[in-house]
Amino acid sequence: MDWNLEILEKNLAGKPFGQKLYYYPVTGSTNDEAFRLGVAGALEGTIVIADSQTKGKGRLQRVWHSPAGTNIYTSIILRPQFEVARAPQISIAAGVAVAEVLEKYCSGKIQLKWPNDVLLNGKKICGILAQVKTNVCGIDFIVLGIGINVNIDYNQFPEDIRNLATSLSIETDREISRRELIIRLYENLAKWYKKLIADGFSAVKEKWLSMAPMIGQRVQIMSGDEVISGKALGIDEQGSLVLLTAEDGKIKIFAGDATILKEIQKNVAGN
Ligand code: BTN
């Protein structure tokens, strides 16, 4: 076991985030746990970490596969003093922070996929799930949940995602210290969060765009029952994808799953 509460507390001492830390060998979902703590008034920067989750939650009501002893499952409580519409900027900043840290661990290609997946060599290595609690003044708190595939093997992934997901150890052929990675992650998240609060969205957005290969490409978005295609022009101040479509011109998409059309065609041709 490369971490426990005592080790993590020691490593986070004096750092901007994690002055209050909750560690669980098993929990339902670190997001649910953090949400409960947020409602009870937990301070900004409170972190929840689990070795495994029994009800790991993904975007769009999906399950996040969360076996023990291999990966990072963590959530942090943030209390940004800005309007609710800007809440998605937090997940975008988190994607940038994770991507920048993962780049230091491997020579493979780290990329961002809208809305906030991190890919390594074209496969998903990290998912981010933000949940917002509002009050009459705006944002009460945001729970930012981050799942990173660290040492999980190919065969440990459920069959349906085996060819879509990857981990640091699969791509680098070595075991990675989760303790070291999570400390670097929270240091870098603090850096980008501070920048977002102090200077606004532009630097975060610029960095995100520089790591997102789908921008400028023709993409297909699955949004609920709808399939929309067009050219991805960028993201707006709310983190929505700006798409140029043949039917409706420029539109904004708030949520969905995006794929570059060339990749869909390549997969069809390869089958
Ligand atoms: C996605 O679907 O891409 C988002 C996945 C987010 C998973 C993380 S793991 C830690 C936190 N707790 C959860 O239940 N989900 C998030």
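In this report, the structure presented in the accompanying data block is examined. All values derive from a computational prediction rather than experimental measurement.

Rules used throughout
Residues numbered from 1 in each chain as written. Predicted model: local features only at pLDDT ≥ 70, side-chain atom pairs only at ≥ 80, totals over all residues. Heavy atoms only, no water. Disulfide = S-S within 2.5 Å. Buried < 20%, exposed > 50% of the residue type's maximum accessible area, 1.4 Å probe, protein only. Near = heavy atom within 4 Å. Polar contact = N/O pair within 3.5 Å; in protein donor to acceptor, adjacent residues only side chain to side chain. Areas by Shrake-Rupley, 256 points an atom, 1.4 Å probe, with all protein chains shown as cover. 1 Å grid on protein atoms, 1.4 Å probe; cavity = no way out; pocket = protein on both sides within 12 Å on 5 of 7 lines; lining within 4 Å. Sits in = over half its atoms within 2 Å of the grid points. Helix = DSSP H or I, 4+ residues; strand = E, 2+ residues; numbered from the N terminus. Nonpolar A, V, L, I, M, F, W, Y, C, P; charged D, E, K, R; others polar.

1. Structural notes on the state of the cysteines
Applying the stated criterion across every chain, the model contains zero disulfides. Take cysteine 106: it sits in no disulfide, and the sulfur closest to it among the cysteines is that of cysteine 126, at 13 Å. The exposure class of cysteine 106 is buried, given its relative accessible area of 14%. Overall, the relative accessible area of 0% leaves cysteine 126 in the buried class.

2. Quick word on the site of the ligand
Looking at the ligand, there are 20 residues lining it, with Ser29, Gln53, Lys57, Arg59 and Lys124 nearest. At a separation of 2.7 Å, an oxygen atom of the ligand approaches a polar backbone atom of lysine 57. For the ligand, whose free accessible area comes to 410 Å², the fraction covered by protein is 98%. Taken atom by atom, the bulk of the ligand overlaps the largest pocket. Of all the elements in the fold, those that place two or more residues in the shell around the ligand are α2 (30-39), β3 (72-78), β6 (123-135) and β7 (138-148). Per element, the largest residue contribution to the shell around the ligand is four residues, and it comes from β6. Class assignment of the residues belonging to the shell around the ligand gives a composition of five nonpolar, 11 polar and four charged.

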